[in-house]
Amino acid sequence: MRAILLSFALLLASTARADEPKLPKGSDTCLQCHSPGGDGPAVPPDTFAKSIHAQNGVGCTDCHAGYTEEHAMGGTLPALSDAEQKFVSRLEKASWVEGEKKVKVASPRAYLACQNCHTEQTDAFAASVHSKWLREDAKVAGPTCASCHGSPHAVQAMAFYEPKAGARQPVPEDRRAMAKRCEACHGNEEFAKEAGLNPEAAVTYHDSIHGRLVRVGNAYAPVCVSCHAAPANRGGTHAIVSKIDPNSIVNVKNRKDACARCHAGATDSFASLIAHKTPQETTGHPVPHIIHIVFSYLTTLTLLFFAFHVLVDFIYELRQRVKAKAGHGPSVDAVRSVIRFDIHQRIQHWFMLSGVILLGITGWPLRGAGTFGNAPIIGGRDAAPYSEAFMKIFGGAEGAALWHRVGAVLIIISSVYHLFYLTFLAAQKRLPLSMLPGPKDALDMRDNILFMLGVKKERPRFDRYMYLEKFDYWAVFWGIVMMVGTGFIFWFPAFFAAWAPSWLITAALIIHGEEATLAILFLFVVHFYNVHLKPSIFPMNWAWLNGRISVEMMKHEHPLEYERMSDDHK
Amino acid sequence: MQSKTPSLIGAGLALALFLAVALLPSMLYGGYAGVLLAGGIFGTPLEPTFLVRALIVFGIVLGVAGVGSLFAVMGAAAGAGVGALTSLAARKPAAQEASPE
């Protein structure tokens, strides 16, 4: 009765909406019981009707061969051959953990049918590492067709995806969705360990340059199958084999072909830059390791010291404020000023500052887009959505990458200008040797800190450049060499990988990220404090715009230079 | 040199914007920088020891201070710019009045 009512309802529904996708012949019989609310497990008719199978007239019994209403009343299904029976019983035994609950194959026999129509794929799959568990007993159950494609009742056509270095192709949405399915197994630590697989495969991918690019919304950066699918004419993703198999596309011998799908001219040494490991471990060479450790210490200690310096300075400034007498009108010296930086120096600084800010705000969101895992304090959180949202200002991740290069050009212009400028000064024997650091700077630094702490009564007397300014200058010198040098390598990675050993390139990647941390935090915290946010200077030291310094400030900050200048005038 | 008021207003507005949209991400970027540094110094996987936590907190503080400073400086510079323009506009008529004398 219920079935009749249901079919009546279905009939009404289908006449009411004639343009609705039609179900294949015979399916309505099955759906009498298998629609939601029926006696049997539900197969949503709408979803099925829209699936590529129903659209191509593939009906229930094309896959569920031999099924009639009988099975609901304990009827028998057609007999299977020994091989088929073996295949089915392996599928019957299999189970996977999905979240909290265990799932099993609901209708193992149905998988026998796929090969009738998709021989190419089932043959490739049958020879792949992913079907090993169907050929021999295994500790864990690997994937079925549905593990990657989702329910066969809802299957949609896969988009065309065959990226070429000359014509890169955005990763289609279905491959992104599929990457989540790969990760359901390969990103599950317990599963991976039980299967004897690398439990870090997903995490290391997400933290790699590619993973982070994907996380901030780059449309072209690879997902799992971009690298792992065998060439289309050799079975594609169905033909994934162990990386030690010479047929594997990620086997050491073939890996460059996987990279060459997007990177023109990829060589073996280029290909060894990415292998589901942290950059310092990728090549197995000690240099990247050492560099990673050295830069971690360098960055941490430098920042600790200067954070301390800013703090001491700030407390000193606050104490001065409290002590300052009211009604202290502007003196003549506060109005009179002298030139401190000429126009060339200011132009160099303008290029530098706009370049560095641009580099910082386009680079950091990418660096910060790694996975936090279960790291202390920030574990379980994710900065990538913020990065992606922020990068929209630059036209998305690809736009941000472009602006990053614009920033690089700006600081390169600044550096080249500066080098010419220095050469010119040198030719005139006017090189500002006052910028060279000397032992006095170390003593000045100690005395200044002691002074600000209130231990010493006298402020050390600085010359034209005090130690902070010298540090700013030389840190930029060093930073530019480091950042431009390593950045260039990543601008043209395949070119450099053609002749440079891969550990050198990996070292460059490490330096680029870690030196950036140091540079940006130093500039935005320490330099900005010293020239902008320090209460006595706020909103800024105007010298960067007009090149001038007030006589009062000069007497206070650079007494030795002031005295020398006054002597010259006498 | 000039009145500090426009730049203070600019910096104030920028800091309010910072608190509204950028505080959390800059904590995360800074904290992640701390995590990476701690990885280099103490080795991975990170154990949540006191020093590791301290370094991550340090990273968070620097991240907030750095991005906050960037906002404040941009705001102050914008404020100073607006201030300079308005004071210029305000001074002009005065100069014209003064010229015939």
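Residues numbered from 1 in each chain as written. Chains lettered and ligands numbered in written order. Predicted model: local features only at pLDDT ≥ 70, side-chain atom pairs only at ≥ 80, totals over all residues. Heavy atoms only, no water.

So, on to the overall build of chain B. Helix and strand counts for chain B stand at 2 helices and 0 strands. Looking at chain B as a whole, 41% of its 101 residues qualify as buried. Across chain B, every contact between residues at least 6 apart in sequence was considered, and the portion connecting residues at least 24 apart equals 72%. For chain B, the accessible surface area stands at approximately 5,400 Å², while carbon and sulfur atoms represent 74% of it. (Helix = DSSP H or I, 4+ residues; strand = E, 2+ residues; numbered from the N terminus. Buried < 20%, exposed > 50% of the residue type's maximum accessible area, 1.4 Å probe, protein only. Contact = heavy atoms within 4.5 Å. Areas by Shrake-Rupley, 256 points an atom, 1.4 Å probe, with all protein chains shown as cover.)

A word on the overall build of chain A. Within chain A, the secondary structure is distributed over 30 helices and 4 strands. Compactness check: chain A gives a C-alpha radius of gyration of 34 Å against a globular reference of 25 Å for 570 residues, more than 25% above the reference. Across its three principal directions, the C-alpha atoms of chain A cover 115 × 55 × 40 Å. Residue burial in chain A is summarised as follows: out of 570 residues, 40% are buried. (Rg over C-alpha atoms; globule rule 2.2 N^0.38 Å.)

Here helix H11 (residues 173-186) of chain A contains 14 residues, and its C-alpha end-to-end distance of 20 Å stays within 8% of the 20 Å for a straight helix at 1.5 Å per residue. The inward-facing, buried residues of H11(A) abut helix H10 (145-149), helix H12 (189-195), helix H14 (209-215) and helix H15 (224-228) of chain A. (Expected span 1.5 Å × (residues − 1).)

Before going further, it helps to examine the interface of chain B and chain A. In this complex, chain B contributes 41 residues to the contact, which on the side of chain A involves 43 residues. Here chain B and chain A share an interface that buries about 3,400 Å² over both sides, 82% of which is from carbon and sulfur atoms. Taken together, chain B and chain A are joined by 4 residue pairs in polar contact (both at pLDDT 80 or more). Among the secondary structure elements, those contributing two or more residues to the side of chain B that touches chain A are helix H1 (5-42) and helix H2 (50-98) of chain B. Among the elements that line the side of chain B that touches chain A, the one with the most residues is H2(B), at 19 residues. Broken down by class, the residue content of the side of chain B that touches chain A amounts to 30 nonpolar, 9 polar and 2 charged. (Buried area = accessible area lost by both parts, 1.4 Å probe. Polar contact = N/O pair within 3.5 Å; in protein donor to acceptor, adjacent residues only side chain to side chain. Nonpolar A, V, L, I, M, F, W, Y, C, P; charged D, E, K, R; others polar.)

Let us now look at the pattern of salt bridges. Pairs can form between side chains of opposite charge whenever their charged atoms are close. In this structure the tally under the stated criterion is 19 salt bridges over all chains. Three or more residues are tied together by salt bridges with common partners; here these are A:Arg340, A:Arg464, A:Glu469 and A:Glu561. (Salt bridge = Lys/Arg side-chain N within 4 Å of Asp/Glu carboxyl O.)

Another point: the domain arrangement of chain A. All names here are of chain A. The assigned domain composition of chain A is domain 1 (1-68), domain 2 (81-277) and domain 3 (286-320 + 334-425 + 462-569). Computed from C-alpha coordinates alone, the two centres of domain 1 and domain 2 are separated by 32 Å. In this assembly, 11 residues from domain 1 lie in contact with 11 residues from domain 2. Taken as a group, Ile52, His53 and His64 account for 40% of the area that domain 1 buries against domain 2, more than any other trio of residues on that side. Taken together, the links from domain 1 to domain 2 amount to 0 salt bridges. (Domains from an automatic or database assignment.)

All names here are of chain A. Counted according to the given criterion, the structure contains 21 aromatic pairs over all chains. Ring centres 5.3 Å apart and planes at 55 degrees place the aromatic pair Tyr316 and Phe451 in the tilted group. In this pair, Tyr316 sits in helix H19 (residues 286-323) while Phe451 sits in helix H24 (residues 439-453), placing the two residues 135 residues apart along the sequence. This pair shows no difference in class: Tyr316 is buried, exactly as Phe451 is. The structure contains a cluster of three or more aromatic residues connected by ring pairs, namely Phe305, Phe306, Phe471 and Phe522. (Phe/Tyr/Trp six-rings, centres within 6.5 Å; stacked < 30°, edge-to-face > 60°.)

With that settled, consider unusual backbone geometry. The linkage connecting A:Phe538 with the following residue, A:Pro539, adopts the cis geometry, with an omega of 0 degrees. Among the secondary structure elements, A:Pro539 is positioned in the loop between helix H27 (502-533) and helix H28 (543-546). The omega torsion of the bond from B:Thr44 to B:Pro45 falls at -10 degrees, within 30 degrees of zero and hence cis. As for its position among the elements, B:Pro45 is in the loop between H1 and H2. Positive phi, normally seen in glycine, also occurs at A:His276, with a value near 50 degrees. You can see A:His276 is positioned in the loop between helix H17 (268-271) and helix H18 (279-282).

Residues and elements named next belong to chain A. Looking at the secondary structure, you find Lys534 in the loop between H27 and H28. Judged by relative accessible area, which is 11%, Lys534 ranks as buried. If we ignore the near neighbours within four places in the chain, the residues touching Lys534 are Asp313, Glu317 and Tyr529.

A:Leu303, A:Ile378, A:Ile411, A:Phe524 and B:Val35 are the most contacted members of the largest nonpolar core, which has 47 residues in total. Secondary-structure elements contributing two or more residues to this core are H19, helix H21 (343-367), helix H23 (396-427), helix H25 (467-491) and H27 of chain A together with H1 and H2 of chain B. Tallying contributions element by element places H27(A) first for this core, with 10 residues. (Core = buried A, V, L, I, M, F, W, Y, C linked by side-chain atoms within 4.5 Å.)

To continue, consider the state of the cysteines. Tallied over the full model, the rule gives 0 disulfides over all chains. Of all cysteine sulfurs in the structure, the one in A:Cys145 sits closest to A:Cys114, which takes part in no disulfide; the separation is 4.2 Å. (Disulfide = S-S within 2.5 Å.)

One rule of thumb: low pLDDT means the predicted coordinates there are not for detailed reading. Residue and element names in this part refer to chain B. Of the residues in chain B, 88% have a pLDDT of 70 or more, and the chain-wide mean is 88. Throughout residues 94-101 the model reports pLDDT below 50, and contacts reaching past four residues in sequence, or to other chains, amount to 0 contacts. At the level of chain-chain contacts, confidence expressed as ipTM amounts to 0.88, with global pTM at 0.93. (pLDDT = per-residue confidence, 0-100.)

Bringing the packing of H19(A) against H25(A) into the picture now. Residues and elements named next belong to chain A. Where H19 meets H25, the closest approach of the two axes is 14 Å, and the angle between their N-to-C directions is 155 degrees. The angle between H19 and H25 places the two elements in the roughly antiparallel class. Relative to H25, H19 is oriented so that their crossing is left-handed. Across the interface between the two elements, Phe295, Leu298, Thr302, Phe306 and His309 from H19 touch Tyr467, Leu468, Phe471, Trp478 and Met482 from H25. Residue composition of the contact of H19 with H25, grouped by class: 8 nonpolar, 2 polar and no charged. (Axes fitted to C-alpha atoms, helices over the stretch in contact; angles between N-to-C directions. Parallel < 35°, antiparallel > 145°, perpendicular 65-115°, else oblique. Left-handed = near helix turned anticlockwise from the far one by under 90°.)

Before going further, it helps to spend a moment on the environment of A:Ser296. Position of A:Ser296 relative to the elements: it lies in helix H19. A relative accessible area of 0% places A:Ser296 in the buried class. Separated by 89 residues in sequence, A:Ser296 and A:Pro385 place their C-alpha atoms 26 Å apart. If we skip the residues at most four places from it in the chain, A:Ser296 touches A:Glu514, B:Leu36, B:Leu37, B:Gly40 and B:Ile41.

The next thing to look at is helix H22 (residues 384-391) of chain A. By the burial criterion, the buried members of H22(A) are A:Ala384, A:Ser387 and A:Met391. With its buried residues spanning 55 degrees around the axis, H22(A) presents them on a single face. Residues of H22(A) that are buried in the fold lie against H14, H21 and H23 of chain A together with H1 of chain B. (Arc of directions from axis to C-beta.)

On to a nonpolar patch on the surface, then. All names here are of chain A. Together, Leu419, Leu431, Leu433, Leu436, Trp474, Phe477 and Val481 line one region of the surface with nonpolar side chains, adding up to about 640 Å² of accessible area. Mapped onto the secondary structure, Val481 falls in helix H25. For Val481, a relative accessible area of 54% puts it in the exposed group. (Patch = residues over 30% accessible without salt bridge, like charges linked within 9 Å, V, L, I, M, F, W, Y side chains within 5 Å.)

Right, let's talk about the pairing of strand S1 (residues 95-98) of chain A for a bit. Residues and elements named next belong to chain A. In this sheet, strand S2 (residues 101-104) lies alongside S1 in antiparallel orientation, the contact comprising 4 bridges. Among the inter-strand pairings, Val97 is bridged to a residue of S2, identified as Lys102. If you look at the hairpin formed by S1 and S2, you'll find 2 residues sitting between the two strands, and Gly99 has a positive phi there, around 65 degrees. (Pairing = 2+ DSSP bridges.)

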